[in-house]
Amino acid sequence: MTMTKIIRGRFAPSPSGRLHVGNMASSLLAWLDARSLGGEMIFRLEDLDPERSYMDYARLMAEDLRWLGLDWDAGWPGDEGYSQGERTEYYREAFDELERRGLIYKCWCSRAERLAASAPHPGEEHPGSCKCRFLEGEELNARLRGKRPPAYKCAVPDEDVTIIDGHCGEHTRNLARQGGDFIVRRSDGVYAYQLAVSVDDALMGVTRVVRAEDLLSSAPRQRWLIETLGYTAPDYAHAPLLTAPDGRKLSKRDGDLNMAELRKLYTPEELTGRLAYLCGLIDRIEPVAPCELVPHFTWAKVPCGEIDISGVF
């Protein structure tokens, strides 16, 4: 008997500000990707950082997605366990498993030192790792006796990992030489993004990850981490970045054209039409509902690279 694979996509916003036009474009593409394949959608709240997460923004995000016409089958806010703030135990279990395998080490480096260590030079014996990985003897004991709490890093192998991206095609990165060892738990005890998102995608049965292209470089690392933990990695498709007229990547922090403004200017169908036009799904700007785009959706229509929103917004 052949088992039918369940297609499951996800919305996974971070509630650090109001969704902007770029977030909405990626959300529309994620929804169309799953629905065009007859799949499910879940809504997961990525509220790992308590200092940057605000429930008022989370509620507005859910409301804005529904306003546009994007729905989901399970998740926040109606179902328990879809907020990362509720899922610490799952991250702890994954952390413990990586530690059991000898893949975790303490790191006392500053942010500047960590960034420098992530860019190894050719010929290095241990590319992509930091000096903390090899501390021993009195030097290690001195760090352990100090007042500064360590972060925890995952040691990656010096090997290539390839993903076949549903939009960008084949993408290969060497884990050690292009990125290097990465933090899985911060010095304040908060589990880090790479670990949390990988564990969540694995345990929630996510099979389709659609997000902006600036996260493409994380996909090989997350695939390796998911498979190292014994799960099957999802398929990835990275959407083009929408940019401001000055070439900047749009951001919630900068308050770029967010849904507070967009909902005053457009109806849901008018906004969807503009997003669909930018993403190459229709050839002229006209009102359209998301459900009308499902039968004709294909990644082949979506342009690669950055998209300037000038003249459309």
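What to know about the overall build of the protein chain
For the protein chain, the helix and strand inventory stands at ten helices and twelve strands. Taken against the 2.2 N^0.38 rule, which gives 20 Å for 313 residues, the C-alpha radius of gyration of the protein chain at 21 Å falls within 12% of a compact globule. Taking the principal axes of its C-alpha atoms as reference, the protein chain extends roughly 70 × 50 × 40 Å. Out of the 313 residues in the protein chain, the part that is buried amounts to 51%. In the protein chain, once contacts between residues fewer than 6 apart in sequence are set aside, the share between residues at least 24 apart is 75%. Approximately 15100 Å² of the protein chain is accessible, and the part contributed by carbon and sulfur atoms is 48%.

Quick word on the sheet that holds strand 3 (residues 74-75)
Strand order in this open sheet of three strands is 1-2-3, and the pairing throughout is parallel. Pairing within the sheet leaves two strands with one partner each, and these edge strands are strand 1 (8-11) and strand 3. The pairing of strand 1 with strand 2 (residues 40-43) spans four bridges and is parallel. Directly across from Gly-9, in strand 2, lies its bridge partner Met-41. Helix 1 (residues 21-36) rests against strand 1 and strand 2 of the sheet, and its axis sits at about 145° to strand 2.

Details of the sheet that holds strand 4 (residues 104-107)
Across the sheet, which stays open at both edges, the three strands sit in the order 4-5-8 with antiparallel pairing between neighbours. The two strands at the open ends of the sheet, each matched to only one other strand, are strand 4 and strand 8 (182-185). The mean inter-strand angle of the sheet, taken between neighbouring strand axes irrespective of direction, is 50°. For strand 5 (residues 151-154) and strand 8, the ladder comprises three bridges, and the chain directions are antiparallel.

So, the nonpolar core
Residues Leu-29 and Leu-281 are the most contacted members of the largest nonpolar core, which totals 57 residues. Only helix 1, strand 2, helix 2 (55-68), strand 9 (208-212), helix 7 (218-228), strand 10 (235-239), helix 8 (259-265) and helix 9 (268-278) provide two or more residues apiece to this core. With nine residues, helix 1 is the single largest residue contributor to this core. Within the second largest apolar cluster, 22 residues are counted, among which are Leu-48, Ala-176, Val-199 and Leu-229.

Overview of a nonpolar patch on the surface
There is a patch of nonpolar side chains on the surface, built from Tyr-90, Leu-203 and Tyr-231 and spanning about 290 Å² of accessible area. Relative to the helices and strands, Leu-203 resides in helix 6 (residues 193-203). The partly exposed category is assigned to Leu-203, whose relative accessible area is 38%.

Some details on the environment of Cys-304
Within the element layout of this structure, Cys-304 appears in the loop between helix 10 (290-293) and strand 12 (307-308). Using a relative accessible area of 55% as the deciding quantity, one classes Cys-304 as exposed. Placed 291 residues apart in sequence, Cys-304 and Pro-13 show a C-alpha to C-alpha distance of 22 Å.

Overview of the packing of aromatic side chains
Inspection of the entire model under this criterion finds ten aromatic pairs. With a centroid separation of 6.0 Å and 70° between ring planes, the pair formed by Phe-95 and Tyr-191 is classed as edge-to-face. Of the two residues, Phe-95 is situated in helix 3 (residues 88-100) and Tyr-191 in the loop between strand 8 and helix 6; the sequence distance between them amounts to 96 residues. Residue classification places Phe-95 among the buried positions, given a relative accessible area of 3%. Taken together through their ring pairs, the aromatic side chains of Phe-11, Phe-43, Trp-72 and Trp-76 make up a single cluster. The ring of Tyr-152 carries Arg-185 above its face, with NZ or CZ at 4.5 Å from the centroid.

Let's talk about the side chain of Asp-201
For Asp-201, the location among the structural elements is in helix 6. Residues contacting Asp-201, with those up to four places away along its chain left out, are Arg-10, Arg-44, Val-206 and Val-209.

Examining the pairing of strand 5
Burial along strand 5 is two-sided: Ala-151 and Lys-153 facing one way and Tyr-152 and Cys-154 facing the other are all buried. Here four bridges tie strand 4 to strand 5, and the two strands are oriented antiparallel to one another. Each residue of the ladder has a partner; that of Cys-107, found in strand 5, is Ala-151.

Remarks on unusual backbone geometry
The step from Trp-76 to Pro-77 runs through a cis peptide bond, and the omega angle for that step is 5°. With respect to the secondary-structure elements, Pro-77 resides in the loop between strand 3 and helix 3.

A closer look at the confidence of the model for the protein chain
Confidence in the prediction for the protein chain averages 90 pLDDT; 90% of positions are at 70 or higher. Scored below 50 in pLDDT, residues 119-123 makes five contacts in the model with residues more than four places away or belonging to other chains.

Rules of the game
- Residues numbered from 1 in each chain as written.
- Predicted model: local features only at pLDDT ≥ 70, side-chain atom pairs only at ≥ 80, totals over all residues.
- Heavy atoms only, no water.
- Helix = DSSP H or I, 4+ residues; strand = E, 2+ residues; numbered from the N terminus.
- Rg over C-alpha atoms; globule rule 2.2 N^0.38 Å.
- Buried < 20%, exposed > 50% of the residue type's maximum accessible area, 1.4 Å probe, protein only.
- Contact = heavy atoms within 4.5 Å.
- Areas by Shrake-Rupley, 256 points an atom, 1.4 Å probe, with all protein chains shown as cover.
- Pairing = 2+ DSSP bridges.
- Axes fitted to C-alpha atoms, helices over the stretch in contact; angles between N-to-C directions.
- Core = buried A, V, L, I, M, F, W, Y, C linked by side-chain atoms within 4.5 Å.
- Patch = residues over 30% accessible without salt bridge, like charges linked within 9 Å, V, L, I, M, F, W, Y side chains within 5 Å.
- Salt bridge = Lys/Arg side-chain N within 4 Å of Asp/Glu carboxyl O.
- Phe/Tyr/Trp six-rings, centres within 6.5 Å; stacked < 30°, edge-to-face > 60°.
- Lys NZ or Arg CZ within 6 Å of the ring centre and 35° of its normal.
- pLDDT = per-residue confidence, 0-100.

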